[in-house]
Amino acid sequence: MPRGAEATSGASAPPAHEPRRERDREHVETLYGRNPIFEALRAGRREIKRIWATSGAAKEPWLDGVLLEPADGDWLTQRCGSDAHQGLVADVGPYPYADPASLLTGSAPLIVALDEIQDPQNLGAIARSAEAAGASGIVIPNRRSAEITAAAAKASAGAVEHLKIAQVRNLADYLGEAKGAGCWVYGAAAKGRPYREPDYTGGVVLVMGAEGTGLRPRVRAMCDDVVSLPMRGRVDSLNVSAAAAVLLYGVIDARAAAR
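Residues numbered from 1 in each chain as written. Predicted model: local features only at pLDDT ≥ 70, side-chain atom pairs only at ≥ 80, totals over all residues. Heavy atoms only, no water.

What about the nonpolar core?
Now for step 1: One finds Ile51, Leu114, Ile138 and Met208 to be the most contacted residues of the largest nonpolar core, which totals 51 residues.
Now for step 2: Residues contacting Leu114, with those up to four places away along its chain left out, are Leu123, Ile126, Ile138, Val139, Ile140, Pro141, Leu171 and Met208.
Now for step 3: Counting 20 residues, the second-largest nonpolar core is a separate cluster that includes Leu103, Tyr174, Leu175 and Val207. (Core = buried A, V, L, I, M, F, W, Y, C linked by side-chain atoms within 4.5 Å. Buried < 20%, exposed > 50% of the residue type's maximum accessible area, 1.4 Å probe, protein only. Contact = heavy atoms within 4.5 Å.)

Shown next as structure tokens:
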């Protein structure tokens with residue numbers, strides 16, 4: 001965690017061209033918003049290179065003793081490409097993706113596999129639920145999938161800084177590896193069996209498909225079973241992040257009941 005003097009009220013913003021030259025020299029990613037930056041500092045998994053703050057945001061108690069550079073809100077919006085920065089923007093090191101095999105360790109891993117989820121807001125929301133539920137981690141393809149960007153980190157409220165997230169070349173192959181490691185693989189789809197029926201003890205991988213297209217055929221073929229949520233209202237589906245949250249806590253409840 002960087003240490004030093006706090007940003008001073010009323011100081012002028014740094015010129016916009018200076019940070020860009022720095023970004024050209026090294027791999028630097030951006031975070032914005034209070035929760036993502038707070039959790040990145042707390043987790044300590046990647047280097048925090050610089051933090052810019054408005055005079056108001058610099059007064060946050062958790063920033064006491066952290067080296068901050070003064071900036072105004074308009075400059076921060078230009079810097080991060082969003083007006084949702086809440087007065088804080090940081091340059092950080094690359095996101096530390098996990099080894100996919102590490103998610104399969106332990107007696108009863110609980111993994112969420114995302115089949116080409118391309119919306120970073122959905123990825124972030126699922127990561128938030130997975131981390132809160134104590135899941136082992138998330139697996140995403142390294143192509144045609146959202147990655148851990150500033151937008152995903154913001155949507156996760158910083159949960160991505162604590163959760164293991166792994167990229168794999170071929171999701172169907174990884175599901176095969178998970179089954180070989182003793183996990184049961186459950187895909188989520190509209191016409192599956194009721195989600196409360198399976199036995200979720202032991203290792204479990206929940207596979208969520210992209211909205212509109214669902215699970216790809218080979219990914220679906222690798223699932224041991226397909227489960228669905230009851231739709232008792234007038235709409236016939238849930239957002240993928242909402243569905244993932246329900247299924248995660250369904251697994252947790254089932255495991256608790258089986259003890």
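Moving on from the model shown.
Regarding helix H8 (residues 240-258)
Now for step 1: Over its 19 residues, H8 extends 27 Å from the first C-alpha to the last, a length consistent with the 27 Å expected when each residue adds 1.5 Å.
Now for step 2: Here H8 has its buried residues at Val240, Ser241, Ala243, Ala244, Leu247, Leu248, Gly250, Val251 and Arg255.
Now for step 3: On its buried side, H8 packs onto strand S5 (110-115), helix H4 (120-132), strand S8 (184-194), strand S9 (204-209) and strand S10 (225-228). (Helix = DSSP H or I, 4+ residues; strand = E, 2+ residues; numbered from the N terminus. Expected span 1.5 Å × (residues − 1).)

A few points about the environment of Ser129
Now for step 1: Position of Ser129 relative to the elements: it lies in helix H4.
Now for step 2: Note: C-alpha distance between Ser129 and Ala242 (113 residues apart in sequence) is 8.9 Å.
Now for step 3: Every residue in contact with Ser129, bar those within four places of it in the chain, is listed here: Ala245, Leu248 and Tyr249.

Some remarks on the packing of aromatic side chains
Now for step 1: Following the criterion strictly, the structure yields four aromatic pairs and no others.
Now for step 2: Between Tyr95 and Tyr97, the ring centres sit 5.0 Å apart and the planes meet at 75 degrees, which makes this aromatic pair edge-to-face.
Now for step 3: Residue Tyr97 is classed as partly exposed on the basis of its relative accessible area, which comes to 28%. (Phe/Tyr/Trp six-rings, centres within 6.5 Å; stacked < 30°, edge-to-face > 60°.)

What about unusual backbone geometry?
Now for step 1: The backbone phi angle of Glu116 is positive, close to 60 degrees, even though this residue is not glycine.
Now for step 2: Among the structural elements, Glu116 can be located in the loop between S5 and H4.
Now for step 3: On the basis of relative accessibility, which here comes to 15%, the residue Glu116 falls in the buried class.
Now for step 4: Phi is positive for Arg144, which is not a glycine, with a value near 55 degrees.
Now for step 5: When you line up the elements, Arg144 lands in the loop between strand S6 (137-141) and helix H5 (150-155).

Observations concerning the packing of H4 against H8
Now for step 1: Their axes nearest at 8 Å, the elements H4 and H8 cross at an angle of 15 degrees. With respect to H8, the axis of H4 lies roughly parallel. As for the relative orientation of H4 and H8, their crossing is right-handed in sense. Judged by residue contacts, Asn122, Ala125, Ile126, Ser129, Ala130 and Ala132 of H4 engage Val240, Ser241, Ala244, Ala245, Leu248 and Tyr249 from H8.
Now for step 2: Split into classes, the residues belonging to the contact of H4 with H8 amount to nine nonpolar, three polar and no charged. (Axes fitted to C-alpha atoms, helices over the stretch in contact; angles between N-to-C directions. Parallel < 35°, antiparallel > 145°, perpendicular 65-115°, else oblique. Left-handed = near helix turned anticlockwise from the far one by under 90°. Nonpolar A, V, L, I, M, F, W, Y, C, P; charged D, E, K, R; others polar.)

Details of the confidence of the model for the protein chain
Now for step 1: For the protein chain, per-residue confidence averages 90 on the pLDDT scale, and residues scoring 70 or more make up 90% of the total.
Now for step 2: Of the regions scoring below 50 in pLDDT, residues 15-21 engages in nine contacts with residues more than four places distant in sequence or in other chains. (pLDDT = per-residue confidence, 0-100.)

As for the sheet that holds strand S4 (residues 88-92)
Hydrogen bonds along the backbone pair up the strands of a sheet, which may run parallel or antiparallel.
Now for step 1: Here we have four strands laid out as an open sheet, ordered S1-S4-S2-S3, and mixed in their pairing. The two strands at the open ends of the sheet, each matched to only one other strand, are strand S1 (29-32) and strand S3 (69-70).
Now for step 2: Relative to S4, strand S2 (residues 48-53) is paired through five bridges, and the arrangement is antiparallel. Of the residues in S4, the one forming a bridge with Ala53 is Leu88.
Now for step 3: Lying on the sheet, helix H2 (residues 34-43) is in contact with S1, S2 and S4; it crosses S1 at an angle near 120 degrees. (Pairing = 2+ DSSP bridges.)

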